[in-house]
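Given next are the chains, with one letter for each unit.
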Amino acid sequence: MNTLENLITLLSRLPGVGKKSAVRMAYALLKGDDEYNKLLGESISELKDRIHKCTECGNYTEEELCGICSSPDRDSSQLCVVEASQDIMMIESTGDFKGLYFVLHGVLSPLDGVGPSELGFDRLMERIDTLGCEEIILATNPTLEGDSTALYIKHLLKERDLKVSRIASGLPVGGDMEYADKMSISRALKGRLEY
Ligand SMILES: [Zn+2]
């Protein structure tokens, strides 16, 4: 396989990039500016060296603690549980939530071998107890896996005296929070229901 074919194959492994787009990207890089290609290559190779998971919430950060966990202005009585780090970015962009987060980095999916221990539910319970949270907002996506993950967490929390809520169905069913616009996320968060 030559260099160009190799790049096309690598690019087409990215989410949302089909063969056609991969070809377009590869040719654009080939014709493009050397400096841009160098910067792109460098930032890709530095990515995993520099960025790691926040030791408290699992959000991606370059520090030990992410900006949200280290901020004195956040309200530790509310904890929002999300599937992915980019969900935090979306919720933060609405400016409507002042609590803290916990990132699962996935959803329960027994067929893919993802069970409660893979998602760090022990750490989640520990974090809830340490912070002394009063409300847990389950903001996993409204998919089959997202719903069963939320239900499982609710079950784990049943011995604790906590308010457990689920974001309202402002998001398209089966859709990712990543693609929902700010307004629908804001509506989903404000219209959350006791779960
Ligand atoms: Zn954090």
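Procedures and definitions
- Residues numbered from 1 in each chain as written.
- Predicted model: local features only at pLDDT ≥ 70, side-chain atom pairs only at ≥ 80, totals over all residues.
- Heavy atoms only, no water.
- Buried < 20%, exposed > 50% of the residue type's maximum accessible area, 1.4 Å probe, protein only.
- Helix = DSSP H or I, 4+ residues; strand = E, 2+ residues; numbered from the N terminus.
- Arc of directions from axis to C-beta.
- Contact = heavy atoms within 4.5 Å.
- Donors = N, O, S within 2.8 Å, 3.2 Å for Na, K, Ca; no water.
- Tetrahedral: all angles 85-135°; square planar, octahedral: opposite > 155°, others 65-115°.
- Axes fitted to C-alpha atoms, helices over the stretch in contact; angles between N-to-C directions.
- Parallel < 35°, antiparallel > 145°, perpendicular 65-115°, else oblique.
- Left-handed = near helix turned anticlockwise from the far one by under 90°.
- Nonpolar A, V, L, I, M, F, W, Y, C, P; charged D, E, K, R; others polar.
- Patch = residues over 30% accessible without salt bridge, like charges linked within 9 Å, V, L, I, M, F, W, Y side chains within 5 Å.
- Areas by Shrake-Rupley, 256 points an atom, 1.4 Å probe, with all protein chains shown as cover.
- Salt bridge = Lys/Arg side-chain N within 4 Å of Asp/Glu carboxyl O.
- Core = buried A, V, L, I, M, F, W, Y, C linked by side-chain atoms within 4.5 Å.
- Pairing = 2+ DSSP bridges.

Draft legend 1. Up close: helix α5 (residues 121–131). All of the buried residues along α5 are Phe 121, Leu 124, Met 125, Arg 127 and Ile 128. The arc enclosing the buried residues of α5, seen along the axis, measures out at 160°, which places them on a common side. Away from the buried face of α5 by more than 90 degrees, exposed residues Asp 122, Glu 126 and Thr 130 are located. Residues of α5 that are buried sit in contact with β3 (75–82), β4 (99–103), β5 (135–138) and α6 (144–156). Phi for Gly 132, located one or two positions after α5, is positive at around 65°.

Draft legend 2. Looking closely at the coordination of the zinc ion. Protein coordination at the zinc ion comes from Cys 54 (SG), Cys 57 (SG), Cys 66 (SG) and Cys 69 (SG), with a distance range of 2.3 Å. What the 4 donor atoms of the zinc ion show is an angle range of 104 to 118° at the metal, which sorts the shape as tetrahedral. Every donor residue of the zinc ion comes from the same chain, spaced as C-x2-C-x8-C-x2-C. Residue Cys 54 is located in the loop between β1 (52–53) and β2 (60–61), and its partner Cys 69 is located in the loop between β2 and β3; the two are separated by 15 residues in the primary sequence.

Draft legend 3. Representation of the packing of α5 against α6 within the structure. Two elements in contact, α5 and α6, have axes separated by 11 Å at closest approach and are oriented at 50°. The orientation of α5 relative to α6 falls into the category oblique. In terms of crossing hand, the pair formed by α5 and α6 is right-handed. Where α5 approaches α6, its residues Phe 121, Leu 124 and Met 125 are matched on the opposing element by Thr 149, Tyr 152, Ile 153 and Leu 156. Among the residues forming the contact of α5 with α6, the class breakdown is 6 nonpolar, 1 polar and no charged.

Draft legend 4. Looking closely at a nonpolar patch on the surface. A cluster of nonpolar side chains, contributed by Tyr 36, Leu 40 and Ile 44, occupies part of the molecular surface with about 300 Å² of accessible area. As for its placement among the helices and strands, Ile 44 is situated in helix α3 (residues 34–50).

Draft legend 5. Looking closely at the nonpolar core. Ranked by internal contacts, the top residues of the largest apolar core, which has 38 residues, are Leu 124, Ile 136 and Ile 153. Contributing elements (two or more residues each) for this core: β3, α4 (85–94), β4, α5, β5, α6 and α7 (182–190). In this structure, Ile 8, Leu 11, Val 17 and Ala 22 belong to the second largest nonpolar core, which totals 5 residues.

Draft legend 6. Representation of the packing of α4 against α7. Close contact between α4 and α7 brings their axes to 9 Å; oriented N to C, the two are set at 85°. Taken together, the axes of α4 and α7 lie roughly perpendicular to each other. Of the residues in α7, those touching α4 at Met 90, Ile 91, Ser 93 and Thr 94 are Lys 182, Ile 185, Ser 186 and Leu 189. Classifying every residue of the contact of α4 with α7 gives 4 nonpolar, 3 polar and 1 charged.

Draft legend 7. Just the sheet that holds strand β6 (residues 163–166), in detail. Read from one edge of the open sheet, 5 strands run β4-β3-β5-β6-β7, paired in mixed fashion. The two strands at the open ends of the sheet, each matched to only one other strand, are β4 and β7 (193–194). By the bridge criterion, 4 bridges tie β3 to β5 in an arrangement that is parallel. Residue Cys 80 lies in a different strand from β5, and its bridge partner there is Ile 137. Relative to the sheet, α4 contacts β3 and β4, its axis offset from that of β4 by approximately 155°.

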